[in-house]
Amino acid sequence: MLFQLSEEQLMIQQAARDFAQTELKPGVIERDEHQKFPAEQVKKLGELGFLGMMVSEKYNGSGLDALSYVLVMEELSKIDASASVVVSVNNSLVCYGLELFGSEFQKEKYLKPLAAGEKIGAFCLSEPEAGSDATSQQTTAEDMGDYYLLNGTKNWITNGNTASTYLVIAQTDKSLKHKGINAFIVEKGMEGFTVGPKENKMGIRGSDTHSLMFNDVKVPKENRIGEDGFGFKFAMKTLEGGRIGIAAQALGIAAGAYELALEYAKQRKSFGKPIAEHQAIAFKLADMATQIEAARMLVYKAAWLKDQGQPYTLAGSMAKLYASKVAMDVTVEAVQIHGGYGFVKEYHVERLMRDAKITQIYEGTSEIQKMVISREIIR
């Protein structure tokens, strides 16, 4: 067991930490308040190679490992989860699936600009009646010979309006159930494709979350990913890696809140001494630090298993389930330690608490993670 990061990984971690402090932190409260997408910051993330970290250099990626990716996700998420979720979606849900399962044509046309950060991607699975039950796809793709005719609605899509490349899951043959589902690459601007209003969310308010509507959108045959009926398997394989990214996001949110609480507890005085020296607060900090370290080990292990080419379904679900719980627990305690100051936006922790909740919901709810974990351990 080697717990030491390589020199390259430490450099990447430091680069992400510096970026978060200098580029993300200055306007993060204002962006949250006004639901402003961090467009300028995301552009810079692309220039640094953070939007195609695990893509091979052949397709304009950075060619890095999954552990480096989660280190970046952790550091960015300490400051701005609305920015880090863009990194997560583009890396885990879009670039990863395209490189692994896409055709050479699809990689050249779509993956290269996505990995280079020139374009942003979106992953479109959830629907009004299909959240945790991904087999209940109501969006349809009718085979018309040279193209598919796409009709339906997708909900809660991250990068919904800022993306230019969308991976859309749709039902081609309902009689085949999940084996009749396909995945398609849809471009923004295709006739019949419209973006709904931005969602007014509790957390990650800077994230660009929209509903998408498809009305007789013609999708070329060459834009289908994999063989006919591969769509459901594509979505599940992609989400397995995505869970590691969101687990790292949850870890970062927790760690960011803890660091703020620790610093505040050392400075704030009551009854003649720093509140960190009162056992009630000191024990809270001890619990927070222990929970975060346990979550970190789960997240890093899941990433390591992926890098080793070993099965990581169980580890990824455990990491997401636990890290997202830690994110909620730690952020709530961070607000408590700050007292009245924790309830106002200036001190950041209330925003981190709001951001934490979504990590228990998207890319597989905590309940779904328990289903995956129980299935794996019983098997």
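All of the points below concern the structure found in this document. Predicted model only: the values in this text are computed from it and were never measured.

## Focus: the overall build of the protein chain
Then, number 1: What the protein chain contains, in helices and strands, is 11 helices and 10 strands.
Then, number 2: Computed over C-alpha atoms, the radius of gyration of the protein chain comes to 21 Å, within 12% of the 21 Å expected from 2.2 N^0.38 for 379 residues, which places it in the range of a compact globule.
Then, number 3: Seen through its principal axes, the protein chain has C-alpha atoms that stretch 80 × 45 × 35 Å.
Then, number 4: When the 379 residues of the protein chain are sorted by exposure, 55% land in the buried category.
Then, number 5: For the protein chain, restricting intrachain contacts to residue pairs at least 6 apart in sequence, the fraction spanning at least 24 positions comes to 74%.

## Here we look at the environment of glutamate 227
Then, number 1: Tracing the backbone through its elements, the reader meets glutamate 227 in the loop between β8 (224-225) and α7 (231-267).
Then, number 2: A relative accessible area of 63% places glutamate 227 in the exposed class.
Then, number 3: Separated by 45 residues in sequence, glutamate 227 and asparagine 182 have C-alpha atoms that sit 8.3 Å apart.

## Details of the pattern of salt bridges
Then, number 1: A complete count under the given rule lists 21 salt bridges for this structure.
Then, number 2: A salt bridge links arginine 296 to glutamate 74, with the shortest nitrogen-to-oxygen separation between them at 2.7 Å. Here glutamate 74 lies in helix α4 (residues 66-79) and arginine 296 lies in helix α8 (residues 279-307), a separation of 222 residues in the sequence.
Then, number 3: Assessed through its relative accessible area of 2%, glutamate 74 is described here as buried.
Then, number 4: Across the pair lysine 154 and glutamate 127 runs a salt bridge, and its minimum N-O distance is 2.8 Å. You can see lysine 154 sitting in strand β3 (residues 147-158) and its partner glutamate 127 sitting in the loop between β1 (121-124) and β2 (140-143), a full 27 residues away along the chain.
Then, number 5: Owing to a relative accessible area of 0%, lysine 154 belongs among the buried residues under this scheme.
Then, number 6: We classify glutamate 127 as buried; its relative accessible area is 2%.

## Here's the deal with the packing of α4 against helix α5 (residues 81-101)
Then, number 1: Where α4 contacts α5, the two axes come as close as 7 Å, and the packing angle between them is 155°. The angle between the axes of α4 and α5 places the two elements in the roughly antiparallel class. Packed against α4, whose contacting residues are Tyr69, Met73, Leu76, Ser77 and Ile79, the element α5 presents Ala81, Ser84, Val87, Ser88, Asn91 and Ser92 at the interface.
Then, number 2: By residue class, the composition of the contact of α4 with α5 is 6 nonpolar, 5 polar and no charged.

## Overview of the nonpolar core
Then, number 1: Grouped together as the largest cluster of nonpolar side chains are 96 residues, with contacts concentrated most on Val70, Leu98, Val299 and Ile337.
Then, number 2: The residues contacting valine 299, other than those within four sequence positions of it, are Val70, Ile244, Ala247, Ala248, Leu251, Ala319 and Ala323.

## Overview of the packing of aromatic side chains
Geometry of an aromatic ring pair is reported as the spacing of the ring centres plus the angle between the planes.
Then, number 1: One pass over the full model with this rule turns up 9 aromatic pairs.
Then, number 2: Where phenylalanine 193 meets phenylalanine 214, the ring centres are 4.9 Å apart and the plane angle is 20°; that geometry is what we call stacked. In this pair, phenylalanine 193 sits in strand β6 (residues 193-198) while phenylalanine 214 sits in strand β7 (residues 209-220), placing the two residues 21 residues apart along the sequence.
Then, number 3: For phenylalanine 214, a relative accessible area of 4% gives the class buried.

## A few points about the side chain of glutamine 369
Then, number 1: Considering the arrangement of structural elements, one finds glutamine 369 in helix α11 (residues 366-378).
Then, number 2: At 2.8 Å, the side chain of glutamine 369 and the side chain of serine 317 are in polar contact.
Then, number 3: Look past the residues within four positions of glutamine 369 in its chain and what remains in contact with it is Arg243, Ser317, Lys320, Leu321, Glu363 and Gly364.

## Examining the side chain of asparagine 223
Then, number 1: Mapped onto the fold, asparagine 223 is located in the loop between β7 and β8.
Then, number 2: Taking relative accessible area as the criterion, asparagine 223 reaches 1% and is therefore assigned buried.
Then, number 3: Among the polar contacts listed, one links the side chain of asparagine 223 to the side chain of tyrosine 110, at a separation of 3.1 Å.
Then, number 4: Within the local environment of asparagine 223, its side chain forms a polar contact with the backbone oxygen of isoleucine 185, the two atoms lying 2.8 Å apart.

## What about the pairing of β1?
A regular strand places its side chains on the two faces of the sheet in alternate fashion.
Then, number 1: Here β1 shows no split at all, with Gly121 and Phe123 on one side and Ala122 and Cys124 on the other all buried.
Then, number 2: Pairing geometry for β1 and strand β4 (residues 165-171), over 4 bridges, is parallel. Bridge pairing in β4 places alanine 122 opposite tyrosine 166.

Basis of the calculations
Residues numbered from 1 in each chain as written. Predicted model: local features only at pLDDT ≥ 70, side-chain atom pairs only at ≥ 80, totals over all residues. Heavy atoms only, no water. Helix = DSSP H or I, 4+ residues; strand = E, 2+ residues; numbered from the N terminus. Rg over C-alpha atoms; globule rule 2.2 N^0.38 Å. Buried < 20%, exposed > 50% of the residue type's maximum accessible area, 1.4 Å probe, protein only. Contact = heavy atoms within 4.5 Å. Salt bridge = Lys/Arg side-chain N within 4 Å of Asp/Glu carboxyl O. Axes fitted to C-alpha atoms, helices over the stretch in contact; angles between N-to-C directions. Parallel < 35°, antiparallel > 145°, perpendicular 65-115°, else oblique. Nonpolar A, V, L, I, M, F, W, Y, C, P; charged D, E, K, R; others polar. Core = buried A, V, L, I, M, F, W, Y, C linked by side-chain atoms within 4.5 Å. Phe/Tyr/Trp six-rings, centres within 6.5 Å; stacked < 30°, edge-to-face > 60°. Polar contact = N/O pair within 3.5 Å; in protein donor to acceptor, adjacent residues only side chain to side chain. Pairing = 2+ DSSP bridges.

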